[in-house]
Amino acid sequence: MRAGLPMKHLLTYVLIFFCCASVQASPIIPKPGKLSYLRGSFLLNQKTSIIYSKGSKGKAKQLANYLKADLGLKVTVTADSVRRNKISLKLDKSMKSKISGTYKMKVTAQAIEVTASDKAGLFYAIQTIRQLLPMKGKKAKINAMLIDDSPRYQWRGMMLDVSRQFMDKDYVKRYLDMMAMHKLNVFHWHLIDDSGWRIEIKKYPKLTKLGAWTTHNGKPHGGFYTQEDIKEIVKYAAERHIEVVPEIEIPAHTLSALVAYPYLGCDNKQFKVPNRHSISRELYCGGKESTYTFIKDIMKEVFEMFPGKYIHIGGDEAFKERWKTCKHCQGKIKKEGLKDVQELQGYMTRFFEKLCQKENRQIIGWDEILKCNISKSAGLMVWHNTHHAYEGAKKGHPVVAAYVRHTYFDTAESRLPGELSAATWTPPVTLSHAYNWDPTPTGLTEDEAKNILGGHGCLWTDKFLHNHALRDRDKNDNRSEVYVDMLSLPRMAALAEAVWTPKKDLDFDNFKKRMRLQYRRYEKAGFHYRLPLPAVEVSRKKGGFTIKAKSSIKGGKVHYTTDGSTPTVTSPVLKQSVVVKKESDFKAISATADGKRQSLVYAVVKHNSKYDKYGTKIGRWKAGKVGSKKAKSLIWEATGLIDKNAKYQVTFIYTGGATKLMIDWVEILKNDKVIKRVDRQGYTGGTSKGNTYDFNIKEYETGASFKVRAGVYGDVDNNSNGLIFIKKK
């Protein structure tokens, strides 16, 4: 409000603010800090002008471009004063703001007035305006309102792994648009890993000539970004107020570099870029001076491409057995007065950090670098041990929370039938998990809590190495992009609200209601997304159950069945309610109005508790599939259930058939290679003996796949059925 406003006008303004405010639900994602509705509305049409002042011309043009793209509406952009039917964008550096991106917006019948602390704030206000637009038409009626909004955290990020699965330049830009829609501001670009080197380094051309490619079905598979590509993407991101943080791994996850230049390893061996996922034991040699020269050289080019504050160094999952027997590494340890290979990793990390400090940059790495004696300015990205966020903040490090159980979007959202083929080494990250969490650990002082920069989602693509069917078949196929979209959305929206909206205002039920319109926006933008199950209400009535359901997308439909069959978009539409004898008789899906997109199936599954003592079911065997009097090899998925080094028990339980099951041997496979085997005969049928098999797993690693394989057969024929379970002992 401008200075010198007469008191009577001030009182009138306050009266309107409080008396006319409505309880309408805001359609905005993420939810603004403060929003109140007023009487009236603003009509945005072809006669609307966008008014800019000093410093806001670029944002005014950006808004005009969005309005043309969103509504096909061409509006005037001018610095001239206009009394009404205007959108004004103004920078006010006197606005009190602890974090970049604060803005205020006032919508009346005459104007939309935006004031922001900086250009980022203007951009976020523009994203808010876009969310107030209709799905179609060339004009918009926007309710009068007051918004006072500011992000809760300064770091609101997403990571895209393009090493395991290369995504082209246009898709990366599209992903940045997706982030911008949700007011996210840090793009963590995972450019280097064992499976591919994706960044052009002119001094070392073999990095992309050899390290960026493998073969798939006899054809080259992979790709890389030229330095011009990267500069173009960094500029594109900056226009959307997104900082690009490249991840340049050291010392591990670097097999692709060793493929190109074998002398970077301890043994000078020639390797191939892997076509299947695993965490290589090969890493940069920590003892050779040539390694440090290489790092210095590539970073010189990296600094020129990425002007941002942070450089991500990885630093995780460095299995250093090779260093223990390497004469170069042991010589370096002795020369520098280091204790062991862990301190050698610290030496390499500090070398990297000093390179960054000379360029006024800061490193950030996965929380394993806490053990590397880094400076306080070094950032920590905490993923697997949430206590490290507390410990790091206590020590004064900048900390970004990327907790596996809340932000690893390469996992599925559920274990429902039909779910995406996603990472299973950790349990599903539901939409609720992505929303209901706090980056700031409890127990920190107010000053220590300031070290928590924010939260960060991660989209790893190693599943493309486990399941080649996810890859594009040809240049006209975009299944890889659809897959990444659907893993990202809608969980990206949940993450965005968790790190933007004041903690006291977070409300998951309210979020789900607002998301019903957001899914329509995804449709309009051409983004693919996972449509949630319908919202179902069940009430018990005499003789049965009355069921109501609402589609998870605005304007969508709920299709249902009551005969046990699976509903499709041709099934009846539930308009009011339906009565069933058993709750489990009812099945339903959400679908868009045109039926082109649908959810998984809502169904009530009766839990059978008699098997709880055996752990989690990993599969079954069926009559006709097992051997007859001779062992036949069957295999079951156990990824996600073998989730750490521990003792596990596998149990076979007969459920029916004329023949009991004989078990000759059982194996545990990691990344399709046998790591444990028990050769012992057991059986399960009318009676059971020796049908449990114990394994002491010491080979667990993040991202690895695990399976159970067994040699089984019927003692008379192959007419046997049963279940297989696994549990920790």
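Our structure's up above, just so we're on the same page.
Within each chain, residues carry numbers counting from 1 in the order of the written sequence. Side-chain atom pairs in this predicted model are given and counted only at pLDDT of 80 or more, local residue features only at pLDDT of at least 70, and totals for whole chains, interfaces and linings cover all residues. Note that the side-chain values use all heavy atoms of the structure and ignore hydrogens as well as water.

Asks: What exactly am I supposed to notice about the overall build of the protein here?
Replies: Within the protein, the regular secondary structure consists of 19 helices and 35 strands. A compact globule built from 729 residues should have a C-alpha radius of gyration of about 27 Å, and the protein, at 29 Å, falls within 12% of that. A total of 729 residues make up the protein; the buried ones form 55% of that total. Whether two residues are in contact is decided by their heavy atoms: any pair within 4.5 Å suffices. Residue pairs in contact within the protein that sit at least 24 positions apart in sequence constitute 72% of those at least 6 positions apart. Looking at the protein as shown, the accessible area adds up to about 32,900 Å², and 50% of this sits on carbon and sulfur atoms. Computed over 124 positive and 73 negative side-chain charges, the separation of the two mean positions in the protein equals 6 Å. By definition, any uninterrupted DSSP run of H or I lasting at least four residues is a helix, any uninterrupted run of E lasting at least two residues is a strand, and each is numbered from the N terminus. The globule rule is 2.2 Å times the number of residues to the power 0.38, and the radius of gyration it is compared with is taken over C-alpha atoms. Throughout this description, buried means an accessible area under 20% of the type-specific maximum (1.4 Å probe, protein chains only), exposed means over 50%, and partly exposed covers the range between. Residue burial considers only the protein chains on display, and all accessible areas are found by Shrake-Rupley using a 1.4 Å probe. Counting rule for charge: Lys and Arg are taken as positive, Asp and Glu as negative, and neither His nor the chain ends is counted. The atoms used to mark charge sites are NZ of Lys, CZ of Arg, CG of Asp and CD of Glu.

Asks: For this particular structure, what's the right way to read the packing of helix H10 (residues 327-335) against helix H11 (residues 341-358)?
Replies: Angle between the axes and distance between the axes: these two values describe a pair of packed helices. At a closest axis distance of 10 Å, the pairing of H10 and H11 adopts a crossing angle of 80 degrees. On the basis of their axis angle, the class for H10 and H11 is roughly perpendicular. Judged by residue contacts, Cys329, Gln330, Lys332 and Ile333 of H10 engage Val341, Leu344 and Tyr347 from H11. A breakdown of the residues in the contact of H10 with H11 according to their chemical character gives five nonpolar, one polar and one charged. All axes here are fitted lines through C-alpha atoms, helices being fitted over the stretch that makes contact, and every angle between N-to-C directions spans 0 to 180 degrees. In these notes the angle categories are as follows: under 35 degrees is roughly parallel, over 145 is roughly antiparallel, 65 to 115 is roughly perpendicular, and the rest is oblique. Just so you know the grouping, Ala, Val, Leu, Ile, Met, Phe, Trp, Tyr, Cys and Pro go in nonpolar, Asp, Glu, Lys and Arg go in charged, and all remaining residues, Gly too, go in polar.

Asks: Can you walk me through the pairing of strand S21 (residues 544-550) in this structure?
Replies: Along any regular strand the residues' side chains alternate between the sheet's two faces. Judged by how many residues are buried, S21 sits mostly within the fold: five of seven residues are covered. Between any two strands, at least two bridges found by DSSP are needed for them to pair. When S21 meets strand S23 (residues 578-580), the two strands line up antiparallel, connected through three bridges. By the bridge assignment for S23, Phe545 is matched with Val580.

Asks: Mind showing me how you'd approach the side chain of Thr684 here?
Replies: Its place among the elements puts Thr684 in strand S31 (residues 673-684). For Thr684, a relative accessible area of 2% translates into the label buried. Side-chain polar atoms of Thr684 contact the side chain of Ser688, separated by 2.9 Å. Look past the residues within four positions of Thr684 in its chain and what remains in contact with it is Trp621, Phe652, Ile653, Tyr654, Lys660, Leu661 and Asn691. For the purposes of these results, a polar contact is taken to be a pair of N or O atoms within 3.5 Å, where, inside protein, one atom must be able to donate a hydrogen and its partner to accept one; residues adjacent in sequence count only when each atom of the pair is a side-chain atom.

Asks: Before we go on, may I ask you to explain the pattern of salt bridges in this structure?
Replies: Side chains bearing opposite charge may pair, as long as their charged atoms lie close to each other. The working definition used for a salt bridge is a side-chain nitrogen of Lys or Arg within 4 Å of a carboxyl oxygen of Asp or Glu. Counted under the stated rule, the structure contains 36 salt bridges. Measuring nitrogen to oxygen at the nearest pair gives 2.8 Å for the salt bridge that ties Arg130 to Asp70. One end of the pair, Arg130, is in helix H3 (residues 119-131); the other, Asp70, is in helix H2 (residues 57-71), and 60 residues separate them in sequence. With relative accessibility at 22%, the residue Arg130 sits in the partly exposed group. Two residues, Asp485 and Arg174, come together in a salt bridge whose shortest N-O distance is 2.7 Å. Of this pair, Asp485 sits in helix H17 (residues 479-488) while Arg174 sits in helix H4 (residues 169-181), placing them 311 residues apart in sequence.

Asks: Please clarify how empty space enclosed by the protein should be interpreted in this entry.
Replies: Here a cavity means grid points, on a 1 Å grid over the protein atoms only, where a 1.4 Å probe fits yet cannot get out; a pocket means an open set of points with protein on both sides within 12 Å along at least five of seven lines; lining residues are those with an atom within 4 Å of a point. Grid points are joined across faces, edges and corners, and a volume is the space filled by probe spheres set on the points. Across all of its chains, the model carries three cavities of 30 Å³ or more by this definition. Within this model, the largest cavity holds a volume of roughly 170 Å³. What lines the largest cavity is a set of 18 residues, and nearest its centre among them are Arg164, Asp316, Glu317, Trp460 and Thr702. Here the residues of the lining of the largest cavity sort into six nonpolar, five polar and seven charged. The wall of the second largest cavity is formed by Arg164, Ser195, Arg198, Ala212, Trp213, Thr214, His221, Gly222, Val273, Pro274, Leu465 and Arg471. Where the lining of the second largest cavity is concerned, the elements lending two or more residues are strand S12 (213-216) and strand S13 (219-222). Classifying every residue of the lining of the second largest cavity by side-chain character gives five nonpolar, four polar and three charged.

Asks: Would you take a moment to explain the sheet that holds strand S22 (residues 557-561) for this structure?
Replies: Remark on secondary structure: sheet strands pair via backbone hydrogen bonds, oriented parallel or antiparallel. The three strands are arranged S22-S24-S25 in an open sheet whose pairing can be described as antiparallel. Here the strands that pair on one side only, and so sit at the sheet edges, are S22 and strand S25 (602-603). Note that strand S24 (residues 587-591) and S25 share two bridges and pair antiparallel. Note that in S25 the partner of Lys587 across the bridge is Ala603.

Asks: Would you take a moment to explain the sheet that holds strand S3 (residues 76-78) for this structure?
Replies: Across the sheet, which stays open at both edges, the seven strands sit in the order S1-S7-S5-S6-S4-S2-S3 with mixed pairing between neighbours. The open sheet is flanked by strand S1 (34-44) and S3, the only strands paired with a single partner. Going across the sheet, the axis of each strand differs from the next one's by a mean of 20 degrees, ignoring polarity. Pairing analysis gives eight bridges linking S1 to strand S7 (residues 140-149), with the strands arranged antiparallel. Bridged to Lys34 within S7 is Asp148.

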